[in-house]
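Descriptive analysis of the structure
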Amino acid sequence: MKKNIMISGAGGILGKAFISELLENDHLVFASELNDENVKKLRNFFKDHKNLYVSKCDVSSEKEIKHWFQDILSVNHIDVVINNASITSEFLRSINEIPNKFEETSLDSWNISIQTNLTGSFLIAREFGKYIQSTPEIISTRKLINLASMYALNGPDHSIYEGTTIKSFAAYSSSKAGIIGLTKWLSTYWGKNNVTVNALAPGGVYNNHETLFKDRLEKKIPLNKMASPNEIASVLLFLVSDQSNYMTGQVLYADGGYTAV
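First things first, this report covers the structure right here in the doc. (Residues numbered from 1 in each chain as written. Predicted model: local features only at pLDDT ≥ 70, side-chain atom pairs only at ≥ 80, totals over all residues. Heavy atoms only, no water.)

Turning our attention to the overall build of the protein chain. Summing up its helical and strand segments, the protein chain has 8 helices and 7 strands in all. Expected size for 261 residues packed as a compact globule is a radius of gyration near 18 Å; at 18 Å, the protein chain falls within 12% of this value. Its C-alpha atoms put the protein chain at 55 × 35 × 35 Å along the principal axes. Taking all 261 residues of the protein chain together, the buried fraction comes to 49%. A total accessible area of about 12700 Å² is found for the protein chain, and carbon and sulfur atoms account for 52% of it. Of note, the protein chain has its 26 positive side-chain charges centred 2 Å away from the centre of its 27 negative side-chain charges. (Helix = DSSP H or I, 4+ residues; strand = E, 2+ residues; numbered from the N terminus. Rg over C-alpha atoms; globule rule 2.2 N^0.38 Å. Buried < 20%, exposed > 50% of the residue type's maximum accessible area, 1.4 Å probe, protein only. Areas by Shrake-Rupley, 256 points an atom, 1.4 Å probe, with all protein chains shown as cover. Lys, Arg positive; Asp, Glu negative; His and termini not counted. Charge placed at Lys NZ, Arg CZ, Asp CG, Glu CD.)

So this is what it looks like as structure tokens:
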């Protein structure tokens, strides 16, 4: 069944894989990215696809989120919303805010991570909620899917990161744990509206990581490998589909067994 789907922060490796999977299954996708440059890159990447519309939306901005919803809802209905935007260590490094140690974490670094990963997800969910309440006549199942992480409820092995350029930072795990709390709260709140709310918690997704980090992490994973983007996207497609209509308030870990250890 074709659905109209909103997805935030869609220009990264997972976002592109998600969009590809959704387009291949004939869904209409409304994606957003942080700035005009990223919007242009995402449009160029999918230039041959007609069922994708890309907009600028900084999810740390309440105003921009409201405008994004208003633009879409002025001409379309929405079936599924995917909270995918997230601050990574690569982004923090680009703005010189990646902490070397927890004790050196700046308040700005903490705030920007929480504002994007958790508060942004809340704001998008809130706007979706306003739409849900304004359209009680829609009886088909609507869906909110939040992106959590294998580090949401499990601490990392910090030795994996030693001597590498990749950093683990506390605000990421904290915000993703908050995502799970938000997911469970909304699932019981919107159940009466025939809205499902679930979280997808990916494990490590391979993105040309340095060999030392990759080898160390894979030794911690029962399946002995990092995920490909498509392996995570296939789980997302299940959550989007009607096959998951009786699931709500759940966290699906696609982590190769990392959290089972």
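So, on to the packing of helix α5 (residues 107–134) against helix α6 (residues 170–189). Interaxial distance between α5 and α6 falls to 8 Å at its minimum, and their mutual angle equals 15°. It follows that α5 is roughly parallel to α6 by the angle criterion. Crossing of α5 against α6: the hand is right-handed. Contact residues: α5 offers W110, S113, I114, N117, L118, S121, F122 and A125, while α6 offers A170, A171, Y172, S174, S175, G178, I179, L182 and L186. (Axes fitted to C-alpha atoms, helices over the stretch in contact; angles between N-to-C directions. Parallel < 35°, antiparallel > 145°, perpendicular 65-115°, else oblique. Left-handed = near helix turned anticlockwise from the far one by under 90°. Contact = heavy atoms within 4.5 Å.)

Formed by 32 residues in total, the largest nonpolar core has its most connected members in F18, I19, I82 and L200. In terms of residue count, the dominant contributor to this core is helix α8 (residues 229–240) (7 residues). The residues touching L200, leaving out its near neighbours within four places in the chain, are F18, N146, L147, A148, S149, I232, V235, L236, L239, L252 and A254. Grouped together as the second largest cluster of nonpolar side chains are 24 residues, V59, I72, L123 and L182 included. (Core = buried A, V, L, I, M, F, W, Y, C linked by side-chain atoms within 4.5 Å.)

The next point concerns helix α1 (residues 13–24). Compared with the 16 Å implied by 1.5 Å per residue over 12 residues, the 17 Å span of α1 between its first and last C-alpha is a close match. Within the span of α1, buried status applies to L14, G15, A17, F18, I19, E21, L22 and L23. Following α1 by one or two positions, D26 has its phi on the positive side, about 70°. (Expected span 1.5 Å × (residues − 1).)

Attention now goes to the sheet that holds strand β7 (residues 251–254). Across the sheet, which stays open at both edges, the 7 strands sit in the order β3-β2-β1-β4-β5-β6-β7 with parallel pairing between neighbours. In this open sheet, the two edge strands, each paired with only one partner strand, are β3 (52–56) and β7. Ignoring strand direction, the axes of neighbouring strands in this sheet form an average angle of 20°. Relative to strand β5 (residues 142–147), strand β4 (residues 80–83) runs parallel, the two sharing 4 bridges. Across the sheet, V80 pairs through a bridge with K143, a residue of β5. (Pairing = 2+ DSSP bridges.)

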